[in-house]
Amino acid sequence: MPNYRRYRVLGGTYFFTVNLLERYPNDCLIRHVESLRTVVRETRKHWPFHIDAWVVLSDHLHCVWTLPDGDDDNSNRWRLIKQGFSKALPMTERRSAVRVARGERGIWQRRFWDHVIRDDGDYAAHVDYCHINPVKHGLVGRVSDWPYSSFHR
């Protein structure tokens, strides 16, 4: 079994990329964005974090979070978000024999990509990356035209 190590910082600010298992064509995240919002809200009640930036695209999302002082557990937060979102959806996805044997859904990739924000410049670059992503993917012409983004806050 691989030994994945994550660099953790208590009360740190992190950039994340989280992908659906089946990337293209799949609009699951925006089709069920209200379920995702509900699950994130519920997770934050028990495992608080500050959302600095967030963008939801059809098949993946990017976000920047700041964790509370003394806390570095972003993995459990993502586990709860992925789990809650998966439970909110009907079981219609294709699942591999391995996922069936493990009792897993076929919605999310198992892991996520994270990056600890190092300084103000790094923070600004990653928040901008979140907001520009729909333009980068050709979904809209202007950042302000994408409705599933914290840019509007």
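Our subject is the structure that appears above.
So, how was this worked out
- Residues numbered from 1 in each chain as written.
- Predicted model: local features only at pLDDT ≥ 70, side-chain atom pairs only at ≥ 80, totals over all residues.
- Heavy atoms only, no water.
- Helix = DSSP H or I, 4+ residues; strand = E, 2+ residues; numbered from the N terminus.
- Rg over C-alpha atoms; globule rule 2.2 N^0.38 Å.
- Buried < 20%, exposed > 50% of the residue type's maximum accessible area, 1.4 Å probe, protein only.
- Areas by Shrake-Rupley, 256 points an atom, 1.4 Å probe, with all protein chains shown as cover.
- Lys, Arg positive; Asp, Glu negative; His and termini not counted.
- Charge placed at Lys NZ, Arg CZ, Asp CG, Glu CD.
- Contact = heavy atoms within 4.5 Å.
- Pairing = 2+ DSSP bridges.
- Axes fitted to C-alpha atoms, helices over the stretch in contact; angles between N-to-C directions.
- Core = buried A, V, L, I, M, F, W, Y, C linked by side-chain atoms within 4.5 Å.
- Expected span 1.5 Å × (residues − 1).
- Arc of directions from axis to C-beta.

Asks: Now, about the overall build of the protein: what can you tell me, with residues and values included?
Replies: Summing up its helical and strand segments, the protein has 5 helices and 4 strands in all. Counted from the first residue to the last, the protein has its helices and strands arranged as β-α-α-β-β-α-α-β-α. Taken over the C-alpha trace, the protein has a radius of gyration of 16 Å; the compact-globule value for 153 residues is 15 Å, and the two agree within 12%. In terms of overall dimensions, the protein has a C-alpha envelope of 45 × 40 × 30 Å along the principal axes. Within the span of the protein, comprising 153 residues, buried residues form 42% of the whole. Counting only carbon and sulfur atoms, one obtains 53% of the accessible surface of the protein, whose full area is about 8800 Å². In the protein, 24 side chains carry a positive charge and 18 a negative one; their mean positions are 7 Å apart.

Asks: So what about the side chain of Thr43? Which residues, and what values?
Replies: By secondary structure assignment, the location of Thr43 is in helix 2 (residues 33–46). Aside from chain neighbours lying at most four places away, what touches Thr43 is Phe49, Arg77, Leu80 and Ile81.

Asks: Talk me through the sheet that holds strand 1 (residues 13–19); I want residue IDs and the actual numbers.
Replies: On the basis of which strands lie adjacent, the open sheet formed by 4 strands has the order 2-3-1-4 and antiparallel pairing. Edge strands, defined here as strands with exactly one partner in the open sheet, are strand 2 (50–56) and strand 4 (113–116). Recorded for the sheet is a direction-independent mean angle of 15° between the axes of neighbouring strands. Two strands pair when backbone bridges link them, and strand 2 and strand 3 (residues 60–66) are joined in this way by 6 bridges, in the antiparallel orientation. Counted as the bridge partner of Val56 is Leu61 from strand 3. Packing of helix 3 (residues 74–88) onto the sheet brings it into contact with strand 1, strand 2, strand 3 and strand 4, and relative to strand 3 it is tilted by some 140°.

Asks: Please give an account of the environment of Ile81 that cites residues and values.
Replies: Mapped onto the fold, Ile81 is located in helix 3. In sequence terms Ile81 and Arg44 are 37 residues apart; their C-alpha atoms lie 9.5 Å from each other.

Asks: An account of the nonpolar core is requested, with residue identities and associated values reported.
Replies: Core analysis: the largest hydrophobic core is formed by 26 residues, its most contacted members being Trp54, Leu61, Trp65 and Trp78. At 4 residues, the largest contribution of residues to this core is made by helix 2. If near-sequence neighbours (up to four positions away) are discounted, Leu61 is found in contact with Phe16, Thr17, Val18, Leu29, Leu36, Trp54, Val55, Val56, Trp78 and Trp108.

Asks: Got a sec to walk through helix 2? Specific residues and values, please.
Replies: When the terminal C-alpha atoms of helix 2 are compared, their 21 Å separation across 14 residues agrees well with the 20 Å that a helix rising 1.5 Å per residue should span. Among the residues making up helix 2, those that are buried are Val33, Leu36, Val39, Val40 and Thr43. Angular distribution of buried residues about the axis of helix 2 spans 120°; they occupy a single face of the element. Relative to its buried face, helix 2 has exposed residues pointing more than 90 degrees away, namely Lys45 and His46. At its buried positions, helix 2 is contacted by helix 1 (28–31), strand 2, strand 3 and helix 3.

Asks: I'd like a rundown of the environment of Ser75, residues and numbers included.
Replies: Tracing the backbone shows Ser75 in helix 3. Look at Ser75 and you get partly exposed, because its relative accessible area is 24%. Residues Ser75 and Phe112, 37 residues apart in the sequence, show an inter-C-alpha distance of 8.9 Å. Those residues within four positions of Ser75 in sequence are excluded, and the remaining contacts are Arg6, Arg8 and Phe112.

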